[in-house]
Amino acid sequence: MTTASRTAPATRVRHDPAVLLWGVAGACWAGTLALVLRSGIGHGHAPGDAPRPADVALSLAAWTVMVGAMMLPTLVPLARLFAAVSARTPHPWPARAGLYAGYLGAWVAVAPVALAAGWALNRLVGASPWLAARDGLVLGAALLLAGGYQFSRLKDACLTTCRSPASFLWQSYRRGLRGAGRLGLRAGLWCLGCCWALMLLMVATGTGSLAWMLALTAVMVAEKTARRGAPLVRPVGFALLLCGVAVTSSALFAPAAAPCHHGACAAPSVEGMLGPPVG
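A. Representation of the layout of surface pockets in the model. Of the voids in this model, the second largest pocket is the one considered here, and its volume is about 220 Å³. If you list the elements that add at least two residues to the lining of the second largest pocket, you get α4 (76–86), α9 (153–162), α10 (165–172), α11 (176–205) and α12 (210–225). Counting residues per element, the lining of the second largest pocket draws most heavily on α11, which supplies three residues. Its residues assigned to classes, the lining of the second largest pocket comprises eleven nonpolar, three polar and two charged.

B. How the structure looks around the side chain of T248. Assignment of secondary structure puts T248 in helix α13 (residues 233–253). Setting aside chain neighbours within four positions, we find T248 in contact with L137, G140, A141 and L144.

C. Quick peek at the state of the cysteines. Here the structure, examined in full by the defined rule, presents zero disulfides. C162 forms no disulfide, and the closest cysteine sulfur to it belongs to C194, at a distance of 3.5 Å.

D. Region of the structure containing the environment of G229. Looking at the secondary structure, you find G229 in the loop between α12 and α13. The exposure class assigned to G229 is buried, which follows from its relative accessible area of 0%. As a C-alpha pair, G229 and L159 span 70 residues in sequence and 9.7 Å in three-dimensional space.

E. Just the pattern of salt bridges, in detail. Taken as a whole and judged by the stated rule, the model has two salt bridges. With a shortest N-O distance of 2.9 Å, R80 and D16 are connected by a salt bridge. With R80 in helix α4 and D16 in the loop between α1 (3–7) and α2 (17–39), this residue pair connects regions lying 64 residues apart in the sequence. Look at D16 and you get partly exposed, because its relative accessible area is 32%. The partner of K155 in a salt bridge is E223, and the shortest N-O contact between them spans 3.0 Å. On the criterion of sequence distance, the pair formed by K155 in helix α9 and E223 in helix α12 is long-range, its members being 68 residues apart. Both residues of the pair, K155 and E223, count as buried.

F. Representation of the confidence of the model for the chain. Scored by pLDDT, the chain comes out at a mean of 80, with 80% of its residues at no less than 70. Contacts for the low-pLDDT stretch residues 40–48, under 50 throughout, to residues beyond four places or in other chains number 31 contacts.

G. Representation of the environment of Y149. Looking at where Y149 falls in the secondary structure, it is placed in helix α8 (residues 136–149). For Y149, a relative accessible area of 9% corresponds to the buried category. In the structure, Y149 is positioned 84 residues away from V233 in sequence and 9.9 Å away in space, judged by C-alpha atoms. Aside from chain neighbours lying at most four places away, what touches Y149 is L154, K155, G193, C194, W196 and A197.

H. Here's a closer look at the nonpolar core. Residues M71, W107 and M199 are the most contacted members of the largest nonpolar core, which totals 58 residues. With 14 residues, the top contributor of residues to this core is α11. In contact with W107, other than residues within four places in its own chain, are W63, V67, M71, G188, C191, L192, C195 and M199.

I. Region of interest: helix α6 (residues 111–127). The terminal C-alpha atoms of α6 lie 24 Å apart, and with 17 residues this matches the ideal 24 Å at 1.5 Å per residue to within 8%. Inspection of α6 places A111, A114, L115, G118, L121, N122 and V125 among the buried residues, and these make up the whole buried set. For α6, the angular spread of the buried residues around the axis is 120 degrees, confining them to a single face. Away from its buried face by more than 90 degrees, α6 exposes V113, L124 and A127.

J. Here's a closer look at the packing of α4 against α10. It is at 9 Å that the axes of α4 and α10 come closest, and there the two elements cross at 45 degrees. In terms of axis orientation, α4 runs oblique to α10. At the point where α4 passes α10, the crossing takes the right-handed sense. Taken together, the residues of α10 that come into contact with α4 (itself represented by P77, L78, L81, F82 and V85) are P165, A166, F168 and L169. Here the contact of α4 with α10 is composed, by residue class, of nine nonpolar, no polar and no charged.

K. Just the side chain of S86, in detail. You can see S86 is positioned in helix α4. If sequence neighbours within four positions are ignored, S86 has contacts with P92, R96 and Y173.

L. The arrangement of the packing of helix α3 (residues 53–71) against helix α5 (residues 92–108) in detail. The geometry of α3 relative to α5 is characterised by a closest axis approach of 10 Å and an angle of 125 degrees between their N-to-C directions. Between α3 and α5, the interaxial angle falls into the category oblique. Classified by chirality, the crossing of α5 by α3 is right-handed. Seen from α3, the contacting residues are W63, T64, V67, G68 and M71; seen from α5, they are Y103, L104, W107 and V108.

How each quantity is defined
Sequence order as written defines the numbering, with residues in each chain counted from 1. Per-residue local features of the predicted model are confined to residues with pLDDT of at least 70, and side-chain atom pairs are confined, for both listing and counting, to 80 or more; whole-chain, interface and lining totals are unaffected and use all residues. Remark: hydrogens and water are excluded; side-chain values derive from all non-hydrogen atoms of the structure. Definitions used for this entry: grid spacing 1 Å over protein atoms alone; cavity, a set of points where a 1.4 Å probe fits but cannot get out; pocket, an open set with protein on both sides within 12 Å along at least 5 of 7 lines; lining residue, one with an atom within 4 Å of a point. Grid points are joined across faces, edges and corners, and a volume is the space filled by probe spheres set on the points. Here a strand is any run of E in DSSP of at least two residues, a helix any run of H or I of at least four, and the numbering for each starts at the N terminus. In this classification, Asp, Glu, Lys and Arg are treated as charged, Ala, Val, Leu, Ile, Met, Phe, Trp, Tyr, Cys and Pro as nonpolar, and every other residue, Gly included, as polar. By the convention used here, residues are in contact when the closest approach between their heavy atoms is within 4.5 Å. Our working definition of a disulfide is a cysteine sulfur pair at a distance within 2.5 Å. Working definition: with a 1.4 Å probe on protein chains only, accessible area under 20% of the residue-type maximum means buried, over 50% means exposed, and in between means partly exposed. By definition here, a salt bridge exists when the distance from a side-chain nitrogen of Lys or Arg to a carboxyl oxygen of Asp or Glu is within 4 Å. On a scale of 0 to 100, pLDDT captures the predictor's confidence in every residue. Think of a nonpolar core as a cluster: buried Ala, Val, Leu, Ile, Met, Phe, Trp, Tyr and Cys residues, connected wherever their side-chain atoms sit within 4.5 Å. Expected span of a helix, by definition, is 1.5 Å for each gap between consecutive residues, and there is one gap fewer than residues. An arc is given here, and it is the one of the directions from the helix axis to the C-beta atoms. As a rule, the C-alpha atoms of each element are fitted with a line to give its axis, helices using only the stretch in contact, and angles between N-to-C directions run from 0 to 180 degrees. For classification purposes, an angle smaller than 35 degrees is called roughly parallel, one larger than 145 roughly antiparallel, one from 65 to 115 roughly perpendicular, and anything else oblique. In this scheme the handedness of a crossing depends on how the near helix is turned from the far one: anticlockwise by less than a right angle means left-handed, clockwise means right-handed.

Written as structure tokens, this is what we have:
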């Protein structure tokens, strides 16, 4: 990093990037609400149905909107530092756009994996009458996994990097659009390491619930950006584990629900979360 870059964080930025990021996130929240109201809640593919190309395209677009709503607020600390660093370059805005695009690109690249997982989950539940009658096991397992991950070393390492944007920027900053894109991509990967288990809950619920989105967004923003975010990690983990135990126990020991016939009920899936099949 050059000497100018080292002193640039003290440079005043004329336009706070937080305004842009929160504005885009707000638009994404509005888009998500519109999708939920248009599509209804809780729809999904019939078990065993392969997703059609139109379904995949709609789900990818909806995933991108959802990621923008939930994850862009967590980028604000790094974006502010990057804006200060790039303020003395001749053309700072393309580099800043590259940072944002690289960050979102890391999350968008995960979308096919999430869609494939949702489809595979549909097939698994649809092929097992025992699982179909105890669909709460899916959410219970996701809660237990997310709760356990809160105590993992990988989660701690990723959060440590995300909570130290100055150190991350110092080590990874390169001038130019390409350097900014790589920086954003690396930041997105670290963020993915922090939040993938929590985002998995959105796949497991299959409900398009804005309440889930709001709660998870608040947790992720607090963990990554709040001054007292670090002490929240373990209590959130304990809460998720307790909920997972409760949901799993209820699914195992409560009277089994009537199994679905002729695809009348759809297994939880990311497609169900983001909207019903097109047409």
